Structure formats: C-alpha cells, structure tokens
Amino acid sequence: MQRLSLLILFRDGLHDLNDLEAALTRYREPLQQVAPDHLKFGAPLELDIKLSSESHVLIESQEIAEFFPHKDSSAIALCNQRLELSWAMKDDPGLITNLIGLLEPEVNRLVGKCWTFDPHAGLWFS
C-alpha cells in the first residue's frame, strides 16, 4: 500500500512522544502509542507519527533548506529533530487534513517553532 507523508522539522524539544500524546488526547480522536517514538492518531484511518532525532536529521534538514528555499531557511538548517507523518494514499484527504490541523499547533506549542514540508511535492506549508 502506497503512503503519503509530511515532515515537521524543529530544533530540540521532544525526547519522546509522551508530551505530544498527552496534548492530543483532548481531541477525542483514537490515539495509540506503538513505541516511545511512534504514535497512531485517528480512526478509521490512521495518521502515523514517528519522531526522529538521529544525526542524519540535521544533515537532511540542511539539504532541505538548501534545495527548497524558505524565508526561515537558516533556522530550518539547524533542525535536529523531525516528525514524519504518514498515511495511506487511499485515505480521505479531508480527514487527514483535519488530523494534521489538530497536530501541527500542538507540536508548535511544545517545541516553540516548527516547519512542515511535503517531501514528495517539495513544498512548505505555513
């Protein structure tokens, strides 16, 4: 099954997904922690949320900032953490957009500043 994805890039802020899980519980959407760095959000469709903090994230953030310019490219190039959001291509785009719309402000609140990037289209979201 083909999946679509978005990346939320940020600098520091999350050691695991416990704080994000706690923030998302107020939306009354099904939520399951699969691992300390992996959540499933929503039903019947699921938005997979995976946290990455490995050293390659900083290198990838620098490359994204270089090849896909943004007004905040210098700050984006310093991002050493990311959340990868993925979902099945067949899932309803409206429902996925709603779940992402709940998730993004919570991430921003927890980490201070974040940027959302579509790696397939090469586009930034505000």
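Everything discussed here concerns the structure shown above.
These notes cover the structure that comes with them.

Focus: the side chain of Glu 106
Phase 1 of the analysis: Counting through the fold element by element, Glu 106 comes out in helix H4 (residues 93–111).
Phase 2 of the analysis: Within the local environment of Glu 106, its side chain forms a polar contact with the side chain of Arg 26, the two groups lying 2.3 Å apart.
Phase 3 of the analysis: A polar contact is formed between the side chain of Glu 106 and the side chain of Arg 109, at a distance of 3.0 Å.
Phase 4 of the analysis: The contacts of Glu 106, once residues within four sequence positions are left out, are Leu 20, Ala 23, Leu 24, Arg 26 and Tyr 27.

Some thoughts on the packing of aromatic side chains
Phase 1 of the analysis: A complete count under the given rule lists two aromatic pairs for this structure.
Phase 2 of the analysis: Look at Phe 68 and Phe 117: their rings are 5.1 Å apart centre to centre, the planes differ by 50 degrees, and that puts the pair in the tilted class. Pair noted here: Phe 68 is in the loop between helix H2 (55–67) and helix H3 (73–76) and Phe 117 is in strand S6 (residues 114–118), with a separation of 49 residues, a long-range link.
Phase 3 of the analysis: Plain terms: the ring middles of Phe 117 and Trp 124 are 4.7 Å apart, the flat faces sit at 50 degrees to each other, and that makes the pair tilted. A single burial state applies to Phe 117 and to Trp 124, both of which are buried.
Phase 4 of the analysis: Put simply, the rings of Phe 68, Phe 117 and Trp 124 touch in pairs and so form one group of aromatic residues.

Details of the sheet that holds strand S1 (residues 3–10)
Phase 1 of the analysis: Taken together, seven strands build an open sheet; the order of strands is S2-S3-S4-S5-S1-S6-S7 and the sheet is antiparallel. For this open sheet the edge positions go to strand S2 (31–35) and strand S7 (123–125), each flanked by a neighbour on one side alone. Ignoring strand direction, the axes of neighbouring strands in this sheet form an average angle of 25 degrees.
Phase 2 of the analysis: Judged from the four bridges that link them, S1 and S6 form a sheet pairing that is antiparallel. Note that in S6 the partner of Phe 10 across the bridge is Cys 114.
Phase 3 of the analysis: This element, H2, spans S1, strand S4 (47–52), strand S5 (81–88), S6 and S7 of the sheet and lies at about 80 degrees to S5.

Observations concerning the pattern of salt bridges
Phase 1 of the analysis: If you walk through the whole model with that rule in mind, you get eight salt bridges.
Phase 2 of the analysis: The partner of Glu 106 in a salt bridge is Arg 26, with the nearest N and O atoms 2.3 Å apart. Within this pair, whereas Glu 106 is found in helix H4, its partner Arg 26 is found in the loop between helix H1 (18–24) and S2, the two being separated by 80 residues in sequence.
Phase 3 of the analysis: In this structure, Asp 91 and Lys 90 form a salt bridge, with 3.9 Å as the shortest nitrogen-oxygen distance.
Phase 4 of the analysis: What makes Lys 90 exposed here is its relative accessible area of 68%.
Phase 5 of the analysis: Because the salt bridges share partners, they merge into one network encompassing Arg 3, Lys 40, Glu 46 and Asp 48.

A few points about the pairing of strand S3 (residues 38–41)
Phase 1 of the analysis: Summarising the sheet, S2 and S3 pair through four bridges and their orientation is antiparallel. Its bridge partner being in S3, Gln 32 is matched across the sheet by Lys 40.
Phase 2 of the analysis: Counting the residues between successive antiparallel strands, the hairpin from S2 to S3 contains two residues.
Phase 3 of the analysis: Between the end of S3 and the start of S4, which pair antiparallel, lie five residues, with Gly 42 showing a positive phi angle near 100 degrees.

The rules behind the values
- Residues numbered from 1 in each chain as written.
- Predicted model: local features only at pLDDT ≥ 70, side-chain atom pairs only at ≥ 80, totals over all residues.
- Heavy atoms only, no water.
- Helix = DSSP H or I, 4+ residues; strand = E, 2+ residues; numbered from the N terminus.
- Polar contact = N/O pair within 3.5 Å; in protein donor to acceptor, adjacent residues only side chain to side chain.
- Contact = heavy atoms within 4.5 Å.
- Phe/Tyr/Trp six-rings, centres within 6.5 Å; stacked < 30°, edge-to-face > 60°.
- Buried < 20%, exposed > 50% of the residue type's maximum accessible area, 1.4 Å probe, protein only.
- Pairing = 2+ DSSP bridges.
- Axes fitted to C-alpha atoms, helices over the stretch in contact; angles between N-to-C directions.
- Salt bridge = Lys/Arg side-chain N within 4 Å of Asp/Glu carboxyl O.

Nothing here speaks to function; it is all geometry.
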